[in-house]
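These are the residues of each chain, in order.
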Amino acid sequence: MTAVGATTTLPRLRSFIGGEYVSSSSGETFETRHPGDNHVICDVEQAGDREIERAVESATAGFGEWSTMPAIERGRILNRAVAIIRDRNDELAALDTLDAGRPIGETTTEDVPTGADVIEFYAGLAPAIHGSTIDFPGGFARTRREPLGVCAGIGAWNYPIQIAMWKSGLALACGNSMIFKPAEVTPVSAGVLAEIYLEAGVPPGVFNVVQGDARVGRALVAHPGIEKVSLTGEASTGKLVMADAAHTLKKVTLELGGKSPIVVFDDADIDSARNAALTNNFYSTGQVCSHGTRVFVQRGAYEEFLDGLAERVGALSVGDPFDPATMIGPLVSAEHHEKVLSYMKLAADSGARHLVGGEVPAEPSLANGNYITPAVFADCTDDMAFVTDEVFGPLMAVLPFDDEAEVVARANATDYGLAGAVFSADLARANRVANSIEAGFVWINDYGTMPASIPFGGYKHSGLGRENGEQAIDHYTQIKTIYTNLEPVDRYM
Ligand code: TXE
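Residues numbered from 1 in each chain as written. Predicted model: local features only at pLDDT ≥ 70, side-chain atom pairs only at ≥ 80, totals over all residues. Heavy atoms only, no water.

*Asks:* Can you break down the overall build of the chain residue by residue, with the values?
*Replies:* For the chain, the count of helices and strands is 15 helices and 20 strands. In summary, the chain has a C-alpha radius of gyration of 24 Å against a globular reference of 23 Å for 493 residues, a match within 12%. The principal-axis extents of the C-alpha atoms in the chain amount to approximately 75 × 60 × 40 Å. The buried share among the 493 residues of the chain stands at 58%. Expressed as a percentage of contacts within the chain between residues at least 6 apart in sequence, the contacts between residues at least 24 apart total 73%. (Helix = DSSP H or I, 4+ residues; strand = E, 2+ residues; numbered from the N terminus. Rg over C-alpha atoms; globule rule 2.2 N^0.38 Å. Buried < 20%, exposed > 50% of the residue type's maximum accessible area, 1.4 Å probe, protein only. Contact = heavy atoms within 4.5 Å.)

In structure tokens:
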């Protein structure tokens, strides 16, 4: 493949089923565009009912072969896939920079390596997934951790290849097969992962990719031959998926949106807190579910925290995501660009103190892309729309607070509960506040560290279940208890 860059176009994209690309029966195509200038990268064939059936049939057959293979062999094959992914790191990263507009400096160092880490983590656990034995006087029970069968993964557009790797690594290591539907906004890289799995020795059908919009997602959720669905997407989508999944009683895991608090006490290392807030508001142009987009700063350190912030944010380079120097790339689509701009306007009209950013950059070279300058608004109040809603763009809201009880109550006053952080030199207080924050993941004097071996997922409307860590194996296996009686059954009634 020639080097992928800002002007790359690709051949028509199709679904990958049973170890090969297949043409669609729907006769329908859609376009995917490069966020940097909105040129069409390629047409994509929308999967039709026939492709869904073929995907389920081949995933069912693939499951039969994959689940009966010794787990150590599954682990070995997945590790071969990891090696190929790491060899092709930059190529895979460039595809997501092309399709999602994420800066190349991020996709090469974060998305692909951390996706590979997750597959590697579960490849290592595969042979260790087993049951237990419980002894009794007259017999014994043993439990088996059995795979579920065919699982569906439905991805969001912000981390296309990483989401595909997070979901498939876990599902396949547990002995399942997976049908993955990437977000229609970023369909390009998932098929390459399917090719890599096949090359590594994963049997055809064990990882299929079906292309399409919500209609294909809904078809997967409704299909009786699919045992489980894992969605990464908006909270509103999670509710629809959960309702649809009820009809076939599918197992469901949901990685949804967030509006997470960063709580900075006045005894904190303010430079660290400021750096963490910058990264976890503006990394990926703010398009990260777990970002800490409500920054609560205790009044004693409030002006110190804001000091120099406007200059630093104003200096973040906004530009071509293929330029290694770019820190702020374009938003994923023109539609999302409009949505984020509308929140910037709401913020500007809200009465909050506008420190910097929130405009469409003037550079003519950026005119055709979905660019916006990173913004900070201070003196915000909890009821402002850009403080309550998930903007999913480069907008940091800074809110003053006075005491611990107040800030915990305000941090929790949201339907979301994905993540959060506490900055304080007093670790007793930091842990007390972390215990009180209603979220699935809380950092203390840090933000964003998320290695493969620790679970990630949301409370409340931010999700159901976990990804990564040993705990997530519970979502892709089911426990059977088998009791063996060693004595005659001589009692009745
Ligand atoms: O989500 P959408 P997007 C969240 C992030 C933001 C959202 C952005 O917070 O809210 O994802 O991604 C398919 N039945 N996270 O806009 O629109 C759709 O085709 C079945 C959280 O893509 O919800 C797409 O493939 N499928 C995350 C996928 O759902 C349906 C980290 C998501 O679409 C469907 C990253 C339906 N009814 C982003 N409707 C985390 N918590 O880890 C849509 N889809």
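*Asks:* Please give an account of the site of the ligand that cites residues and values.
*Replies:* What surrounds the ligand is a group of 28 residues, the closest being Trp-157, Glu-184, Thr-237, Leu-256 and Glu-390. Trp-157 is positioned such that a nitrogen or oxygen atom in its side chain is 2.7 Å from an oxygen atom of the ligand. If the ligand stood free it would expose 850 Å²; the protein chains cover 90% of that surface. Counting only elements with at least two residues in the shell around the ligand, the list comes to helix H7 (214–222), strand S10 (228–232) and helix H8 (235–246). Tallied by class, the residues present in the shell around the ligand amount to 14 nonpolar, seven polar and seven charged. (Near = heavy atom within 4 Å. Polar contact = N/O pair within 3.5 Å; in protein donor to acceptor, adjacent residues only side chain to side chain. Areas by Shrake-Rupley, 256 points an atom, 1.4 Å probe, with all protein chains shown as cover. Nonpolar A, V, L, I, M, F, W, Y, C, P; charged D, E, K, R; others polar.)

*Asks:* Outline helix H2 (residues 71–87), supporting the account with residue identities and numerical values.
*Replies:* Taking 1.5 Å per residue as the helical rise, H2 with its 17 residues ought to reach 24 Å, and the 24 Å between its terminal C-alpha atoms agrees with that figure. The complete set of buried residues in H2 reads Arg-74, Gly-75, Ile-77, Leu-78, Ala-81, Val-82, Ile-84 and Ile-85. Among the structural elements, helix H1 (49–67), helix H3 (89–100), helix H4 (104–125), helix H5 (160–173) and helix H6 (190–200) are those in contact with the buried residues of H2. (Expected span 1.5 Å × (residues − 1).)

*Asks:* Got a sec to walk through the environment of Arg-294? Specific residues and values, please.
*Replies:* Within the secondary structure layout, Arg-294 lies in strand S13 (residues 294–298). Residue Arg-294 is classed as buried on the basis of its relative accessible area of 4%. For Arg-294 and Pro-204, which are 90 residues apart along the polypeptide, the C-alpha to C-alpha distance reads 45 Å. Within polar-contact distance, the side chain of Arg-294 engages the backbone oxygen of Lys-259 at 2.9 Å.

*Asks:* Account for the state of the cysteines, with residues named and values stated.
*Replies:* All told, the structure shown has zero disulfides when counted by the stated rule. The closest cysteine sulfur to the non-disulfide-bonded Cys-174 is located on Cys-151, 8.5 Å from its own sulfur. For Cys-174, a relative accessible area of 5% translates into the label buried. (Disulfide = S-S within 2.5 Å.)

*Asks:* Got a sec to walk through the sheet that holds strand S20 (residues 477–485)? Specific residues and values, please.
*Replies:* Ordered in space as S5-S6-S20, the three strands form an open sheet in which the pairing is antiparallel. Both edges of this open sheet fall to strand S5 (133–136) and S20, since each of them pairs with a single strand only. Along the sheet, successive strands turn relative to each other by an average axial angle of 20°, direction set aside. Examined bridge by bridge, strand S6 (residues 139–147) and S20 share nine bridges and lie antiparallel to one another. Paired with Pro-147 across the strands is Thr-477, a residue of S20. (Pairing = 2+ DSSP bridges. Axes fitted to C-alpha atoms, helices over the stretch in contact; angles between N-to-C directions.)

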